[in-house]
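If you want the building blocks of each chain, they are given just below.
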Amino acid sequence: MHLIKALLLCSSFCFYCSAGAQDYFDYQSTTPCDPRVVKAMMPYWTTEFGNPHASHAFGERAAFAVSEARQKIARILGGKTTEWIFTSGATEANVLAICGVMHAAPQNKKHLIVCATEHKSVLETCKSLVRRGYVLTILPVNQDGSLSLDLLKQSIRPETMLVSIMVANNEIGVILPIACVAEICHKHGVLLHTDATQAIGNIPVSVSSLGADLISFSGHKIYGPKGIGALYVASHVKIRPLLYGGLQEKGLRAGTVPVPLCIGLAKALEIAEEMRPQEARRLAFLQGIFLQRLQRLKGWRLNGCPNQRLPNNVNISIDGVDSSDLLMSLPDFALSTGSACSSEAHFSHVLAALDPDNIMPPTVLRISFGRGTTEAAVYRLADRLIEVVQTLRITKPAGGKRICKTTKGKIRS
Ligand SMILES: *Cc1c(COP(=O)(O)O)cnc(C)c1O
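Residues numbered from 1 in each chain as written. Predicted model: local features only at pLDDT ≥ 70, side-chain atom pairs only at ≥ 80, totals over all residues. Heavy atoms only, no water.

**Focus: the nonpolar core**
Residues Ile165 and Phe217 are the most contacted members of the largest nonpolar core, which totals 95 residues. The greatest single-element share of this core, amounting to 10 residues, is contributed by helix α9 (residues 259-293). Taken together, domain 1 (37-271) and domain 2 (278-395) each give at least three residues to this core, which thus spans both. Ranked by size, the runner-up nonpolar core spans 29 residues in total, among them Ile289, Leu294, Leu335 and Leu381. (Core = buried A, V, L, I, M, F, W, Y, C linked by side-chain atoms within 4.5 Å. Buried < 20%, exposed > 50% of the residue type's maximum accessible area, 1.4 Å probe, protein only. Helix = DSSP H or I, 4+ residues; strand = E, 2+ residues; numbered from the N terminus. Domains from an automatic or database assignment.)

**Concerning the site of the ligand**
Near the ligand you find 13 residues, and of these Thr91, Asp195, Gln198, Ser218 and Lys221 are the closest. Within the backbone of Ala90, an N or O atom sits 2.9 Å from an oxygen atom of the ligand. Ser218 is positioned with one of its side-chain polar atoms (N or O) 2.6 Å from an oxygen atom of the ligand. Taking 380 Å² as the accessible area of the ligand by itself, protein coverage stands at 87%. (Near = heavy atom within 4 Å. Polar contact = N/O pair within 3.5 Å; in protein donor to acceptor, adjacent residues only side chain to side chain. Areas by Shrake-Rupley, 256 points an atom, 1.4 Å probe, with all protein chains shown as cover.)

**What to know about the pattern of salt bridges**
Inspection of the entire model under this criterion finds 19 salt bridges. The partner of Lys80 in a salt bridge is Glu83, with the nearest N and O atoms 3.6 Å apart. For Lys80, a relative accessible area of 48% translates into the label partly exposed. Exposure remark for Glu83: the relative accessible area of 6% places this residue in the buried category. Ionic contacts of the salt-bridge type, sharing partners, join the residues Asp34, Arg36 and Arg371 into one network. (Salt bridge = Lys/Arg side-chain N within 4 Å of Asp/Glu carboxyl O.)

**So, the pairing of strand β2 (residues 84-87)**
Across the two faces of β2 the burial is the same, with Trp84 and Phe86 and Ile85 and Thr87 all buried. The pairing of β2 with strand β8 (residues 229-233) spans 4 bridges and is antiparallel. Along β8, the bridge assignment pairs Thr87 with Gly229. (Pairing = 2+ DSSP bridges.)

**Some thoughts on the sheet that holds strand β12 (residues 336-338)**
Reading across from one edge, β9-β10-β13-β12 is the order of the 4 strands in this open sheet, with antiparallel pairing throughout. One side of each edge strand has no neighbouring strand; the edge strands of this open sheet are β9 (300-302) and β12. Averaged over all pairs of adjacent strands, the angle between strand axes in this sheet comes to 30°, irrespective of strand direction. Note: β9 against strand β10 (residues 313-318), 3 bridges, orientation antiparallel. Residue Trp300 lies in a different strand from β10, and its bridge partner there is Ile318. Docked against the sheet, α9 engages β9, β10 and β13 (363-368), running at close to 20° with respect to β10. Strand contacts of helix α12 (residues 375-395): β10 and β13, with the helix running at about 15° to β10, the strand carrying the most contacts. (Axes fitted to C-alpha atoms, helices over the stretch in contact; angles between N-to-C directions. Contact = heavy atoms within 4.5 Å.)

**A closer look at the state of the cysteines**
Per the counting criterion, the structure on display carries 0 disulfides. Unpaired in terms of disulfides, Cys99 finds its nearest cysteine sulfur in Cys126, a separation of 8.0 Å. Judged by relative accessible area, which is 6%, Cys99 ranks as buried. With relative accessibility at 1%, the residue Cys126 sits in the buried group. (Disulfide = S-S within 2.5 Å.)

**A word on empty space enclosed by the protein**
Enumeration over the complete set of coordinates arrives at 1 cavity of 30 Å³ or more. Here the largest cavity defines a volume of roughly 200 Å³. Ile200, Gly201, Asn202, Lys221 and Tyr223 are the residues nearest the centre of the largest cavity, which is lined by 19 residues in total. Residue composition of the lining of the largest cavity, grouped by class: 8 nonpolar, 7 polar and 4 charged. Counting the residues that make up the lining of the largest cavity, at least three belong to each of domain 1 (37-271) and domain 2 (278-395). (1 Å grid on protein atoms, 1.4 Å probe; cavity = no way out; pocket = protein on both sides within 12 Å on 5 of 7 lines; lining within 4 Å. Points joined across faces, edges and corners; volume = space filled by probe spheres on them. Nonpolar A, V, L, I, M, F, W, Y, C, P; charged D, E, K, R; others polar.)

Here it is as structure tokens:
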């Protein structure tokens, strides 16, 4: 209890960035759990430990708390309370949406469409379906990571059951026009699933504004706990479960509902939505000053279109330096790297999709800002990055010999 109190006392100024000596710039990979979320979860780890599926008082209290959390999610994001299913995270929500819908589809509806820059949990799930006889179209993206709606229209066939396209990309921050995608899908009688994991808390998101039939998101990307997420399944969607063995979550997900995590997810969403207008403006400001400062360096480009973009993401290609050399020279910062070269450890299918013909992919850095990011830290990173790149280009120049093959930007079916 003392620990929690101490945590809460200093929460207003330090908890988001207090861990370790590094400045954290990897908020798109995960976020710390907000102490207000931890506090809301506390009783449900200890005294309120009942199994929400049990019919005694302990169980009823837990069930009531879970139903309140579900109501809160529906109130904030829209949809009916009964249309929200708790999962172990966005990965499971994505897999449940895609496999669940395809397994329930009629015999003549075995085709699905995704975008080349989707999260791996979407892409790999679809590829596993191809091995079981389903037909997949992977839509290429434009060089700035945007989507051609005409190409989407052309790809829809009479056999198409489902389209899965994300709201905002986790590597390049590009925001896709999901409402337009939904309109196209519905005009052709096709269901739409969208992964809204990176969008929630950064841009306005709701069931009605997206128009999707299935929507995934995750707790740990919005300052909530790890191991919990949710899937919106519109009541008209026919879907099969992944997990069998119990009638929990309307039979769609067997297993005891993790009560504290459900409470934490709803609380995190509530806080994220409350903070969003102001926080998104602040993050966009930090993004702006970072890119402005970087003008002092030559030989780099911003990946992903500059205006349809999350406020917390910067993704840049830097010429003339090797990515592991670069990361090793920046030990004071927690950053994420990516490469479009499939032979490299940091291979990114997203960057490869932006420029499929490039035989000399540059070094790529993803920098993501969050609640703990200060203006001072942003300048610190920008200045150190400029210094390190300029030094490495002289001492350990890279580029010119790294030729690699990536997949071509054709529609693959
Ligand atoms: C992080 C992330 C996921 C996976 O979420 P988990 O809850 O960790 O399974 C899925 N999609 C996107 C876009 C993400 O950023």
